[in-house]
Structure formats: C-alpha cells, structure tokens
Amino acid sequence: MTGALVALLTDFGAADGYVGVMKGVILGIAPDSRLVDITAEIPTHDIVAGAWVLGTSWRYFPAETIFLAVVDPGVGSARRAVALRVSGHWFIGPDNGLATPLLDAASSIDAVRLQPERYAAGPISATFHGRDLFAPAAAHLAKGARLADLGEPLDATSLVRLAPVKPVWRDTTLVAHVVHKDHFGNLITDVAGSLAERVMATPESAAQVAGHLVRDRARSYAEAPAGVLALILDSSGHLALCLKAASAAAVFHVSRGDEVHILGLPADAGA
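How each quantity is defined
Residues numbered from 1 in each chain as written. Predicted model: local features only at pLDDT ≥ 70, side-chain atom pairs only at ≥ 80, totals over all residues. Heavy atoms only, no water. Helix = DSSP H or I, 4+ residues; strand = E, 2+ residues; numbered from the N terminus. Rg over C-alpha atoms; globule rule 2.2 N^0.38 Å. Buried < 20%, exposed > 50% of the residue type's maximum accessible area, 1.4 Å probe, protein only. Contact = heavy atoms within 4.5 Å. Areas by Shrake-Rupley, 256 points an atom, 1.4 Å probe, with all protein chains shown as cover. Lys, Arg positive; Asp, Glu negative; His and termini not counted. Charge placed at Lys NZ, Arg CZ, Asp CG, Glu CD. 1 Å grid on protein atoms, 1.4 Å probe; cavity = no way out; pocket = protein on both sides within 12 Å on 5 of 7 lines; lining within 4 Å. Points joined across faces, edges and corners; volume = space filled by probe spheres on them. Nonpolar A, V, L, I, M, F, W, Y, C, P; charged D, E, K, R; others polar. Pairing = 2+ DSSP bridges. Phe/Tyr/Trp six-rings, centres within 6.5 Å; stacked < 30°, edge-to-face > 60°.

### A closer look at the overall build of the chain
Item 1. When helices and strands are tallied, the chain shows six helices and 16 strands.
Item 2. Radius of gyration (C-alpha) of the chain: 21 Å, near the 18 Å computed for a compact globule of 271 residues.
Item 3. Referenced to the eigenvectors of the C-alpha coordinate spread, the extents of the chain come out at roughly 60 × 35 × 35 Å.
Item 4. In the chain, which comprises 271 residues, the share counted as buried stands at 50%.
Item 5. Sequence separation of 24 or more characterises 67% of the internal contacts of the chain that already satisfy a separation of 6 or more.
Item 6. Of the roughly 12500 Å² that the chain leaves accessible, carbon and sulfur atoms contribute 54%.
Item 7. For the chain, the distance from the average site of its 21 positive side-chain charges to the average site of its 27 negative ones is 2 Å.

Now the structure itself:
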C-alpha cells in the first residue's frame, strides 16, 4: 500500500500540536503516505458528532483509504483499541461507537484488537493514544502490514455501535429528531432518503420545533426566506432546518436530540 491515503478525524482542534504530531509519526514510519484532514474540529469528546461526520464523509474517499479516527474520551481506560477492514476500507481508532457508520454499511468486517507490542516502537502514553497507538498502526497499514500483524482477532459482532436514532410515528405525526448541528447552525434531522423528499414535495406538511411551525421550503440556502426557519434537503440526503445567513440552532435554541414533529404527511408516507 505504498502511497496509501490516511484520512484523519479528531476532536483535537488546531491550537495544539496533537494532529501535527500524529502526522509526523505516520510519515516517520510510512513516508510515502498521503495525509488528508477530514476535520480536527469535532466537539470535544463528542463521539456522536464524530460518527456523523465520518458517516457523511467516508463514501467520498477512494477504496483502501485508512480512516484514522480519534474521538476518545475513554483514553487510558479499558476501552478497546481496534483496527478494522471494512468493505474495502480501513478504520483505526477506539472501539467506542465512532466506527458505527462504517459498520452499518459494511458488507464484510475483519477486526483486531490492537496490541502495540507488535508494532509500536516506544512506550504508550496513557493520555495520547493518537500518537503512540493509533498513528503507528495506521502507518504500518500504509506500509502494507496485515491486520494480523497489528493485533489479535476480534469478533466483529462485539464491536461497539451507537444506538440508531430513527423517526417514529405517533398517530398522524412523524416524530423526528435533530441528529446533528453543523458549523453553520443548520439542524439536520433523522428524516432521510425518500421520506425526506416526500416531506419537501408535500406543501401541506410542516415541521414543528421548539414552538415554531416551519412551512417554508428552500432548494438552496441562497433561496431560503430571510429571518425564518426553512426546510431544506441537506447534502447528506437528510431533511434539515436552516436560517439564511444565520445559525438556526443559536437563534431558535435547538440542540441535538430535540424532537421535530412533521405534520400533514399523507397516511401512506411510511417511515
């Protein structure tokens, strides 16, 4: 895997040297690696947000990409550190649910529990597994190592997955949930695919959130009406709520997990 692509996702931010150090470790072991930042700005310790960003990003990377993902509030604890082969891609990181989107989409999964004595050159810090445990593992994969070179086999069914969040029907109301707030304050819901398209295409339907009834729709953010919440189909294929040139989350005080009630859908609009 000479010249392998390693895509990094962390909650480390840009103020410290943590991400740069991880890149230095990788390049020291596999100097031909190509390094890409998905983001270092996942909210601190927010595994759910990290999984969302990974889930909406990984499909746009070529086969054999190594996803090095570290959002790890349990660093230094008994939580497992894993390397996965998942449907033509690789994942290196903590076994805490962060890999859920890859696991849910997988046609095949091979997994090992990392054993750093097999590949890591130095001591393992209890507070920086990104540098000492995960980055070296990713680098050795980039150089052509096999999963078996990195650790002991792991039953893939034992891997930690985040609980799914899906819209549910209560009588004639579809009860959805805000599953992600992006950098712009757009509120992305768990209404996706054909159901999201159905909501957008049904003028009689409306969304109710935080006491506000949302009927306006927009094809793009530029077309959204000024000053009011509007429904929009997000680039991830999910129904979202937006506020033109402003943060819907901040102005209307809506957070992840809040319910969004979809009213006025026809009876045959299954979830």
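### Observations regarding empty space enclosed by the protein
Item 1. All chains considered together, the criterion is met by one cavity of 30 Å³ or more.
Item 2. Reported here for the largest cavity is a volume of approximately 40 Å³.
Item 3. The wall of the largest cavity is formed by Val82, Leu84, Pro94, Asp95, Asn96, Gly97, Leu98, Ala99, Leu103, Leu159 and Val160.
Item 4. Partitioned by chemical class, the residues of the lining of the largest cavity number eight nonpolar, two polar and one charged.

### Let's talk about the pairing of strand β4 (residues 81–86)
Item 1. Summarising burial for β4: five of the six residues are buried, a large majority.
Item 2. Two elements, β4 and strand β5 (residues 89–94), share six bridges in a ladder whose sense is antiparallel. Looking at β5, one finds that Leu84 is bridged to Phe91.
Item 3. Following β4, the chain reverses through two residues before pairing antiparallel with β5; Ser87 in that reversal takes a positive phi of roughly 50°.
Item 4. Sheet topology places β4 next to strand β6 (residues 109–114); five bridges connect them, and they run antiparallel. Bridging from a neighbouring strand, Arg85 pairs with Asp110 of β6.

### A few points about unusual backbone geometry
Item 1. Backbone geometry places Ala245, a non-glycine residue, at a positive phi of 55°.
Item 2. Here Ala245 lies in the loop between β15 (238–242) and α6 (248–252).
Item 3. Given the relative accessible area of 86%, Ala245 is considered exposed.
Item 4. Backbone geometry at His253 places phi at a positive 55°, although glycine is not the residue there.
Item 5. Here His253 falls in the exposed class, since its relative accessible area comes to 67%.

### Side note on the environment of Ala83
Item 1. Among the structural elements, Ala83 can be located in strand β4.
Item 2. Residue class for Ala83 comes out buried when judged on its relative accessible area of 0%.
Item 3. Between the C-alpha atom of Ala83 and that of Leu133, which follows or precedes it by 50 residues, the distance is 11 Å.
Item 4. If near-sequence neighbours (up to four positions away) are discounted, Ala83 is found in contact with Phe91, Ile92, Asp110, Ala111, Val112, Leu114, Leu147 and Leu150.

### Some thoughts on the packing of aromatic side chains
Item 1. What the rule picks out here adds up to four aromatic pairs.
Item 2. Aromatic side chains Phe12 and Phe128 sit 6.0 Å apart centroid to centroid with 80° between the ring planes, which places their arrangement in the edge-to-face category. Placement of the pair is Phe12 in the loop between β1 (5–10) and α1 (18–29) and Phe128 in the loop between β6 and α4 (129–142), with a sequence separation of 116 residues.
Item 3. Note on Phe12: relative accessible area 19%, which makes it buried.
Item 4. Arranged with centres 5.4 Å apart and planes meeting at 75°, the rings of Tyr18 and Phe128 form a pair that is edge-to-face. Here Phe128 lies in the loop between β6 and α4 and Tyr18 lies in helix α1, a separation of 110 residues in the sequence.
Item 5. The class for Phe128 is buried, based on a relative accessible area of 10%.
Item 6. Three or more aromatic residues joined by ring pairs make a cluster, and in this case those are Phe12, Tyr18 and Phe128.

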